[in-house]
Amino acid sequence: MNFWKKMKRSDWVLPTVLLSLYGFFANCRPAEPFLTPYLVGPKNISEEVVTNYLFPIWTYSYLTVLCPVFLLTDLLRYKPLIVVQGLFLVTNYIILCFANSLTALTYLQFNFAMVTSTEVAYFSYIYSVIPPERYQRATGYVRSAMLTGYTFGATLGQLLISLAGTSYFHVNTITLGLMAVAFCVSLVLPMPQQGMFFKKKVEVSTQTLNEVADSSGEGMDLAKEDTGICCAWGNIKTSGKQMWKSLKESYSSKTLLQWSLWWALATAGYGQVFNYVQLMWDHIEPSSTSSVYNGGVEAICTLVGAAAAFSVSYIRVQWGVWGELSLGVFSAVGAGCVFLMGLTNNIWLCYGGYAIFKASYMFLITITMFQIAVNLSMECYALTFGINTFVALTLQTILTAVVVDNSALGLKITTQFLVYGGYYSTISVLFLTQGLYTVCKHYRRSAAETNTDQPPPAILEQQSESDRSGKQDLHPQSPS
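Visitor: I'm lost on the overall build of the protein chain in this one. Help?
Guide: For the protein chain, the count of helices and strands is 18 helices and zero strands. For the protein chain, the residues scored as buried account for 46% of the 480 residues in total. Looking at the protein chain alone, contacts between residues at least 24 apart form 85% of all its contacts between residues at least 6 apart. Roughly 24200 Å² of accessible area belongs to the protein chain as shown, and the carbon and sulfur atoms make up 65% of that amount.

See below:
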């Protein structure tokens, strides 16, 4: 009881604990690594329909709702969007458990798009309810809770299916119960007083209220209405100016623009691989005829990726010099892993390629977020996060529309991964070229600065002549 009172008195402990609990339960989804086997098996949906029809709907829906959700997130002050996310998570697994028609599963993709689009509210909420000096610790706790929840969920799903012989349906019902817990936690989150851009206006002074009160009732109502309209319009106008200022600050730096470019390009490719890797696994080892280890693989990949991301804090590198080259090298590693997944017929090689690919992406995205965040204010970072995500999703939508959708190429899953490998190879060549140029430029500048620190050759020659003459004076010639 005393611990609960202490948390309520604190200005950051209670919201951090509640948001960490929500992050754990919302990401603890034992059924998620087995979505494709569940749809292809018990739901009796063909692999072609899942690949070329159902999954693209999620991408299109996500792009459609992301922008309005991003604006509403700040306007409604975060918590309502987190509650909406929890509600859609519950309905997501209700549909998966009890709906069988293709129409219901089509709506499921839009439903899940609402879940993913509201993630920006989750990531931004903590910065609106705690003081800035607690940002680092709170962020660490929240991200750790998300990682723990995802890993625990994937491990639990694998244990239930492999050891307990639980059906996919019952794994989904267990996940539904966990999502219900997450929704209940979201309801008790504290409500932030204001957003980052849409802030409360100062209250009207007491004197003004008294003057208005002295007038007639009708006049008072009109005055209140006019005041409310003016305040609302002024708030929107001020918020728009602040967002435009943040936008210019975020992308005025060439270095930050390059990091953001990699963020958008790489995240689009990662999203495609992540969305369709279960279909690749099912293609190599059909779930109907062999054991499925998707949950264990996802748990291990997440831990490996988290370890790679954690190692960033202990690496001391001049990222301004070596950053672009690092992006190019690790993008090349990712491209090789994607090519391996697309060409191999060995499921364990495919699992290994995915683990290395995910680890390299999480390593680089951590560096990218850190490099952008340390040079921007929190308002600018939140806006940059939203814009980069929108650009990445736009690129991912283009890839989906051209490569996956039946109305365009509608490629097979193996061919798709070869295309994604080529996409990552292009990113690698782009940043390797720029990185080599940056490194060479740095060393040329360093060499030039070293040369300017030394006296010019003429001065060195004069000094040597002076030294020689001095020595001659010390040793005069003998008389003839």
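Visitor: Is there a simple way to think about the nonpolar core in this case?
Guide: One broad trend across soluble globular proteins is that nonpolar side chains are buried collectively. By size, the foremost hydrophobic cluster in this structure holds 105 residues, and its most contacted members are W262, M341 and F417. With 15 residues, helix α12 (residues 254-284) is the single largest residue contributor to this core. By size, the runner-up hydrophobic cluster in this structure holds five residues, among which are W58, L66, A113 and L393.

Visitor: Is there a simple way to think about the packing of aromatic side chains in this case?
Guide: Each aromatic ring pair is described using two quantities: the centre-to-centre distance and the angle formed by the ring planes. This model, assessed by the stated rule, comprises 20 aromatic pairs. For the pair W262 and Y361, a centre-to-centre distance of 6.3 Å together with 25 degrees between the ring planes defines the contact as stacked. You can see W262 sitting in helix α12 and its partner Y361 sitting in helix α15 (residues 347-373), a full 99 residues away along the chain. You can call Y361 buried: its relative accessible area is 11%. Ring geometry for Y270 against F357: centres 5.9 Å apart, planes inclined by 20 degrees, an arrangement best described as stacked. Of the two residues, Y270 is situated in helix α12 and F357 in helix α15; the sequence distance between them amounts to 87 residues. Using a relative accessible area of 14% as the deciding quantity, one classes Y270 as buried. Looking at F357, the relative accessible area reads 1%, which means it is buried. Among the aromatic residues, those joined into a cluster by ring pairs are W262, Y270, F274, F357, Y361, Y423 and Y424.

Visitor: Would you mind going over the side chain of Q278 with me for this structure?
Guide: By the element assignment, Q278 lies in helix α12. In this structure the side chain of Q278 is engaged in a polar contact, spanning 3.2 Å, whose partner is the backbone nitrogen of L35. Engagement of the side chain of Q278 in a polar contact is seen with the backbone nitrogen of T36, the distance being 3.0 Å. In contact with Q278, not counting residues within four places along its chain, are E32, P33, F34, L35, T36, P37 and N294.

Visitor: What is the right way to read a positive patch on the surface from this model?
Guide: Taken together, the side chains of K254, K441, R444 and R445 present a region of like positive charge at the surface. The element best represented in the positive patch is helix α17 (residues 413-453), accounting for three residues. In this fold, R445 is placed in helix α17.

Visitor: Sorry, what's going on with the packing of helix α5 (residues 79-98) against helix α9 (residues 168-187) here?
Guide: Between two packed helices, what matters for the description is the angle formed by their axes and the separation of those axes. One way to put it is that α5 packs onto α9 with a least axis distance of 9 Å and a crossing angle of 165 degrees. Put simply, α5 runs roughly antiparallel to α9. Between α5 and α9 lies a crossing whose hand is left-handed. Contact residues: K79, I82, V83, G86, L87, L89, V90, Y93, I94, L96, C97 and F98 in α5; F169, N172, T173, T175, L176, M179, A180, F183, S186 and L187 in α9. Looking at the contact of α5 with α9 residue by residue, the classes come out as 16 nonpolar, five polar and one charged.

Visitor: Explanation requested: helix α2 (residues 13-27) in the structure shown.
Guide: An α-helix turns once per 3.6 residues; consequently, residues spaced three or four apart project the same way. End to end, α2 covers 21 Å across 15 residues, agreeing with the expected 21 Å (1.5 Å per residue, within 8%). Along α2, the residues classified as buried are L14, P15, T16, L18, L19, S20, Y22, G23, A26 and N27.

Visitor: Which parts of the structure should I look at to understand a nonpolar patch on the surface?
Guide: Residues V329, F330, V333 and I356 make up a contiguous nonpolar surface patch of roughly 300 Å² in combined accessible area. Residue contributions to the nonpolar patch peak at three residues, all from helix α14 (residues 319-343). Note on placement: V333 falls in helix α14. By relative accessible area, V333 is classed as partly exposed at 35%.

Visitor: Which parts of the structure should I look at to understand unusual backbone geometry?
Guide: Keep in mind that most residues, glycine aside, have a negative phi and that most peptide bonds are trans. Although it is not a glycine, N44 sits at a positive phi angle of roughly 60 degrees. Residue placement: N44 occurs in the loop between α3 (35-40) and α4 (47-75).

Visitor: In this structure, what is going on with the pattern of salt bridges? I would like to understand it.
Guide: Side-chain pairs of opposite charge can arise where the charged atoms are in close proximity. Tallied over the full model, the rule gives two salt bridges. The salt bridge partner of E32 is R29, with a shortest N-O separation of 2.8 Å. You can call R29 buried: its relative accessible area is 10%. The partner of K358 in a salt bridge is E298, with the nearest N and O atoms 3.2 Å apart. A residue pair is termed long-range when its members are at least 10 positions apart, and K358 in helix α15 and E298 in helix α13 (residues 294-310) qualify at 60 residues. The two residues K358 and E298 agree in class, both being buried.

Rules of the game
Residues numbered from 1 in each chain as written. Predicted model: local features only at pLDDT ≥ 70, side-chain atom pairs only at ≥ 80, totals over all residues. Heavy atoms only, no water. Helix = DSSP H or I, 4+ residues; strand = E, 2+ residues; numbered from the N terminus. Buried < 20%, exposed > 50% of the residue type's maximum accessible area, 1.4 Å probe, protein only. Contact = heavy atoms within 4.5 Å. Areas by Shrake-Rupley, 256 points an atom, 1.4 Å probe, with all protein chains shown as cover. Core = buried A, V, L, I, M, F, W, Y, C linked by side-chain atoms within 4.5 Å. Phe/Tyr/Trp six-rings, centres within 6.5 Å; stacked < 30°, edge-to-face > 60°. Polar contact = N/O pair within 3.5 Å; in protein donor to acceptor, adjacent residues only side chain to side chain. Patch = residues over 30% accessible without salt bridge, like charges linked within 9 Å, V, L, I, M, F, W, Y side chains within 5 Å. Salt bridge = Lys/Arg side-chain N within 4 Å of Asp/Glu carboxyl O. Lys, Arg positive; Asp, Glu negative; His and termini not counted. Charge placed at Lys NZ, Arg CZ, Asp CG, Glu CD. Axes fitted to C-alpha atoms, helices over the stretch in contact; angles between N-to-C directions. Parallel < 35°, antiparallel > 145°, perpendicular 65-115°, else oblique. Left-handed = near helix turned anticlockwise from the far one by under 90°. Nonpolar A, V, L, I, M, F, W, Y, C, P; charged D, E, K, R; others polar. Expected span 1.5 Å × (residues − 1).

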